[in-house]
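# Report on the structure
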Amino acid sequence: MEINNQILDEFYKKYANSNWIAKRNVVEASFKNLKVINSINIGITVAVVDFVYSTQITKFKKHITFAEMVDKIINLDVINRTKVYDDKIVGELADCNSINLFSFASKYCSLCNRYLHNKDDYSMYDKRVKTFLPKCVKHMRKNNSNIKALKKQDIINYRRYRFIWQCCTQQIFTHRYR
């Protein structure tokens, strides 16, 4: 069986108006099905992540096709590398022929880590984080002149992004619960 546009369209129509719990259950089921790693199962997870988390891979199909993303996940050994928390894998997966699919890559690695390895080692990057991080860094800079302004490359480099994210979340936790 090949995953084609007709199959993807049927999937999108079926789940388009589903609530978040139903969508999350589809995400979990698709990753649990990766116990058998093959291009069909990985293709399903790519389609599910793209649809549920609105990563818009299909918008960039002139840069990377769906099949190329599936091959990339297999060739980079994403499944096994997320088990041991390889922070380089997010950047490698995100780098796609002159575009950066950082949001998709962070989500895909996080979901592999969570559902296949029962861990929580990766942070997802999304619109809320994109809005929150600059505000948090700006606030932290008021209290510490050693903190540099946030730059785009800080966010598309997973190691730097993760460090900044941890600093921001620690700042909030400390502020709220002291």
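Coordinates for the structure precede this section.
These lines cover the structure that appears in this document, whether it is placed above or below. Counting from 1, residues in each chain are numbered in the order their sequence is written. Local features in this predicted model are restricted to residues whose pLDDT is 70 or higher, and side-chain atom pairs enter the listing and the counts only when it is 80 or higher, whereas totals over whole chains, interfaces and linings include all residues. Excluding hydrogens and water, the side-chain values take into account all heavy atoms of the structure.

### A short note on the overall build of the protein chain
Condition: A run of H or I in DSSP counts as a helix once it spans at least four residues, and a run of E counts as a strand once it spans at least two, with each numbered from the N terminus. The cut-offs for exposure are 20% and 50% of the maximum accessible area for each residue type, with area from a 1.4 Å probe on protein chains only; residues under the lower value are buried, those over the upper are exposed, and the others partly exposed. By definition, residues are in contact when any of their heavy atoms lie within 4.5 Å.
A count of helices and strands for the protein chain gives 10 helices and 2 strands. Counting from the amino terminus, the protein chain carries its helices and strands in the arrangement α-α-α-α-α-α-β-β-α-α-α-α. Per-residue burial for the protein chain yields a buried fraction of 43% across its 178 residues. Nonlocal contacts in the protein chain, meaning residues at least 24 apart in sequence, comprise 62% of its contacts between residues at least 6 apart.

### Focus on the pattern of salt bridges
What counts is decided by this rule: Here, a salt bridge means any side-chain nitrogen of Lys or Arg that lies within 4 Å of a carboxyl oxygen of Asp or Glu.
Under the counting rule described, the total for this entry stands at 4 salt bridges. Between Arg81 and Glu92 there is a salt bridge; the shortest N-O distance is 2.8 Å. Of the two residues, Arg81 is situated in helix 5 (residues 78–83) and Glu92 in helix 6 (residues 88–94); the sequence distance between them amounts to 11 residues. Arg81 gets classed as buried once you look at its relative accessible area, which sits at 18%. For Arg128, the salt bridge identified is with Asp126, shortest N-O distance 3.5 Å. On the basis of relative accessibility, which here comes to 68%, the residue Arg128 falls in the exposed class. Connected via shared salt-bridge partners are Arg81, Asp86 and Glu92.

### Quick notes on the side chain of Asp86
The criterion, for reference: Any pair of nitrogen or oxygen atoms within 3.5 Å is treated as a polar contact; in protein, a donor-acceptor pairing is required on top of that, and neighbouring residues in sequence qualify only through side-chain atoms on both sides.
Here Asp86 shows up in the loop between helix 5 and helix 6. Judged by relative accessible area, Asp86 falls into the buried class, the value being 18%. Of note is the side chain of Asp86, whose polar atom sits 2.7 Å from the side chain of Arg81. Beyond its immediate sequence surroundings of up to four residues, Asp86 is in contact with Arg81 and Tyr122.

### Some points on helix 7 (residues 102–117)
Formally: By definition here, a helix of n residues has an expected span of 1.5 Å times n minus one.
Taking 1.5 Å per residue as the helical rise, helix 7 with its 16 residues ought to reach 22 Å, and the 21 Å between its terminal C-alpha atoms agrees with that figure. Counting buried residues in helix 7 gives 14 out of 16 residues, a clear majority hidden from the surface. Two residues or fewer after helix 7 comes Asn118, characterised by a positive phi angle close to 50°.

Honestly, it's all geometry; don't read function into it.
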